[in-house]
Amino acid sequence: MTSISHGQKPKPRDQQAAALRLKNNRLGMNIFQASWIMAFFALIVVNWQLRYSYAQWPPMGVQPFELLLPSLATLALVSSTLLVQRGLVAFRGAQRSLFSLCWRLAMALGSVFMVLIAREFATVSQAALATQYGLTMRLMTGFHFVHALVILCLLLVVYRRAVAGAYHGGEAAGWAVEGAAKLWHFVTVAWVLFYVVLYWLR
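Residues numbered from 1 in each chain as written. Predicted model: local features only at pLDDT ≥ 70, side-chain atom pairs only at ≥ 80, totals over all residues. Heavy atoms only, no water.

### Section: the environment of K182
No. 1: Assignment of secondary structure puts K182 in helix 6 (residues 175-200).
No. 2: Remark: the alpha-carbon pair of K182 and V84, spanning 98 residues in sequence, is separated by 9.1 Å.
No. 3: Among residues more than four places away in sequence, those in contact with K182 are R26, M29 and Q33. (Helix = DSSP H or I, 4+ residues; strand = E, 2+ residues; numbered from the N terminus. Contact = heavy atoms within 4.5 Å.)

Structure (structure tokens):
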């Protein structure tokens with residue numbers, strides 16, 4: 001779609017095409033999120049199957065994972081996704097400075113989440129790694145970490161383009177910002193599910 005300058009009025013046909021493209025983008029994103037969350041659910045099911053194949057969970061001789069670091073990581077990620085959503089609202093309202101602030105803070109908190117989860121991944125005890133308890137934890141956190149890293153990089157790219165003025169011409173032209181925000185929300189929901197399964201269900 002050709003971008004529309006501030007002084008140029010869009011034609012009705014252009015508006016209809018833009019509205020249809022936005023509708024299709026949103027539908028595609030919803031289908032993607034619904035289908036991809038199944039991969040995360042599959043890992044949860046694997047965790048449950050392994051959990052019930054043991055007499056106790058965690059297995060005898062293995063200490064349960066500590067809650068402090070993953071809880072702080074979860075708090076950082078949830079705060080980050082709330083800031084991304086606030087930034088999206090600000091972007092739609094042409095509050096570019098507020099958008100910039102919210103997304104910079106969101107990306108910073110997202111980076112904190114990544115560091116904490118990387119540390120959690122790296123410090124799994126040898127006793128835990130000798131069992132499915134530690135191995136599935138590494139599989140699940142590693143799987144999520146890769147997705148979060150890719151989408152965090154996407155947030156950065158979209159942020160840079162947005163502050164450079166790349167998205168003009170109304171809601172449809174700003175789809176990249178909305179799409180990136182929705183993907184970050186997806187990362188957050190997926191992690192909260194993993195967090196509950198890995199750290200709270202004993």
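### Re the nonpolar core
No. 1: Ranked by size, the top nonpolar core spans 54 residues in total, and within it W103 and V177 carry the most contacts.
No. 2: For this core, the elements supplying multiple residues, two or more each, are helix 1 (12-51), helix 2 (68-92), helix 3 (96-122), helix 4 (126-129), helix 5 (132-163) and helix 6.
No. 3: When residues of this core are assigned to their parent elements, the largest contribution, 15 residues, is made by helix 6. (Core = buried A, V, L, I, M, F, W, Y, C linked by side-chain atoms within 4.5 Å. Buried < 20%, exposed > 50% of the residue type's maximum accessible area, 1.4 Å probe, protein only.)

### Examining helix 5
No. 1: With 32 residues, helix 5 extends 46 Å from end C-alpha to end C-alpha; this agrees with the ideal 46 Å at 1.5 Å per step.
No. 2: One or two steps after helix 5, the chain reaches G165, where phi turns positive at roughly 85°. (Expected span 1.5 Å × (residues − 1).)

### Side note on unusual backbone geometry
No. 1: Here the residue pair W57 and P58 is connected by a cis peptide bond, since its omega of 0° sits within 30 degrees of zero.
No. 2: Within the fold, P58 resides in the loop between helix 1 and helix 2.
No. 3: With a phi close to 60°, A94 is a non-glycine residue in the positive phi region.
No. 4: Note that A94 resides in the loop between helix 2 and helix 3.

### Quick word on the packing of aromatic side chains
No. 1: As enumerated under the stated definition, the model contains 15 aromatic pairs in all.
No. 2: Through pairs of rings, three or more aromatic residues link up here, namely Y54, W57, F65, Y133, Y195, Y199 and W200.
No. 3: Positioned above the aromatic ring of F121, the side-chain terminus of R138 is 4.6 Å from the ring centre. (Phe/Tyr/Trp six-rings, centres within 6.5 Å; stacked < 30°, edge-to-face > 60°. Lys NZ or Arg CZ within 6 Å of the ring centre and 35° of its normal.)

### A word on a nonpolar patch on the surface
No. 1: Nonpolar side chains collect at one region of the surface, where V45, W48, Y52, V78, L82, V192, V196, W200 and L201 lie side by side and expose about 840 Å² of accessible area between them.
No. 2: Secondary structure elements with two or more residues in the nonpolar patch: helix 1, helix 2 and helix 6.
No. 3: In terms of residues, the nonpolar patch owes the most to one element, helix 6, which gives three residues.
No. 4: Assignment of secondary structure puts W48 in helix 1.
No. 5: Among the residues examined, W48 registers a relative accessible area of 35% and is labelled partly exposed. (Patch = residues over 30% accessible without salt bridge, like charges linked within 9 Å, V, L, I, M, F, W, Y side chains within 5 Å. Areas by Shrake-Rupley, 256 points an atom, 1.4 Å probe, with all protein chains shown as cover. Salt bridge = Lys/Arg side-chain N within 4 Å of Asp/Glu carboxyl O.)

### What to know about the pattern of salt bridges
No. 1: On inspection of all chains with the given rule, the structure shows three salt bridges.
No. 2: Ionic pairing is found between K182 and E178, a salt bridge with its closest N-O pair at 3.2 Å. Taken as a pair, K182 and E178 lie in helix 6 at a separation of four residues, close to a single helical turn.
No. 3: The class for K182 is partly exposed, based on a relative accessible area of 21%.
No. 4: Connected through salt bridges with shared partners, the residues R26, R92, E178 and K182 form a single ionic network.

### Let's talk about the side chain of E178
No. 1: Classification of E178 as buried rests on a relative accessible area of 2%.
No. 2: Dropping the residues within four chain positions of it, E178 is found in contact with L22, R26, L88 and R92.

Interpretation note: all reported values are geometric properties and have no functional meaning in isolation.
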